[in-house]
Amino acid sequence: MFELTIRFAVTDIEKARSWYTTFLQKDPDFIPHAGFLEWEVVPGCWLQLAETPETEYRNGPLRLGVRNLEAARERAIEQLNIQDFDIHMRSDVPVKWATFPDPWGNQLGYYEYLDKEEEQNRTNQLK
């Protein structure tokens, strides 16, 4: 495997475009046709939004790796009007993480490596 896509269903593509542009801090990378948007979140990893009349299925979670989980949480609360959400940790898991819904009920979140040397190693692999 060399790439990943995840598709989320949304009921209002223009509202979703604005919300996800704020969440991802960039405009869509590709708009193949009406009612469909794509962002390359990191090289080879794509988030696709598809406008559907009704979101019967909830998707996710799609979690993004961040260097500072607390700062990312505060930004989501302030800029995306997300309700306060918890940060989780377990002794057998090398990251701390948080999950929250988008306005359509799709599950999103962030994670942060506890071992900063491991985080740096993974970051260097992407270069």
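Check the entry above for the structure.
Residues numbered from 1 in each chain as written. Predicted model: local features only at pLDDT ≥ 70, side-chain atom pairs only at ≥ 80, totals over all residues. Heavy atoms only, no water.

## Details of the packing of aromatic side chains
With the rule as written, the count across this model stands at 9 aromatic pairs. When the ring of Trp19 is compared with that of Tyr20, the centres are 5.0 Å apart and the planes differ by 65°; the resulting orientation is edge-to-face. Given the relative accessible area of 0%, Tyr20 is considered buried. Summarising the aromatic geometry, the rings of Phe23 and Phe100 are spaced 6.0 Å apart at their centres and angled 80° between planes, so their arrangement reads as edge-to-face. One end of the pair, Phe23, is in helix H1 (residues 13-24); the other, Phe100, is in strand E6 (residues 95-101), with 77 residues separating them in the sequence. (Phe/Tyr/Trp six-rings, centres within 6.5 Å; stacked < 30°, edge-to-face > 60°. Buried < 20%, exposed > 50% of the residue type's maximum accessible area, 1.4 Å probe, protein only. Helix = DSSP H or I, 4+ residues; strand = E, 2+ residues; numbered from the N terminus.)

## Concerning the sheet that holds E6
Pairing within the open sheet is mixed, and its 3 strands lie in the order E5-E7-E6. One side of each edge strand has no neighbouring strand; the edge strands of this open sheet are strand E5 (62-65) and E6. Taking each pair of neighbouring strands and ignoring which way they run, the sheet shows an average axis angle of 25°. Here E5 runs beside strand E7 (residues 107-113); their pairing, made up of 4 bridges, is parallel. Pairing of Arg63 across the sheet is with Gly109, part of E7. Strand contacts of H1: E5, E6 and E7, with the helix running at about 5° to E7, the strand carrying the most contacts. Sheet strands touched by helix H2 (residues 69-79): E6 and E7. Its angle to E7, the strand with the most contacts, is close to 155°. (Pairing = 2+ DSSP bridges. Axes fitted to C-alpha atoms, helices over the stretch in contact; angles between N-to-C directions. Contact = heavy atoms within 4.5 Å.)

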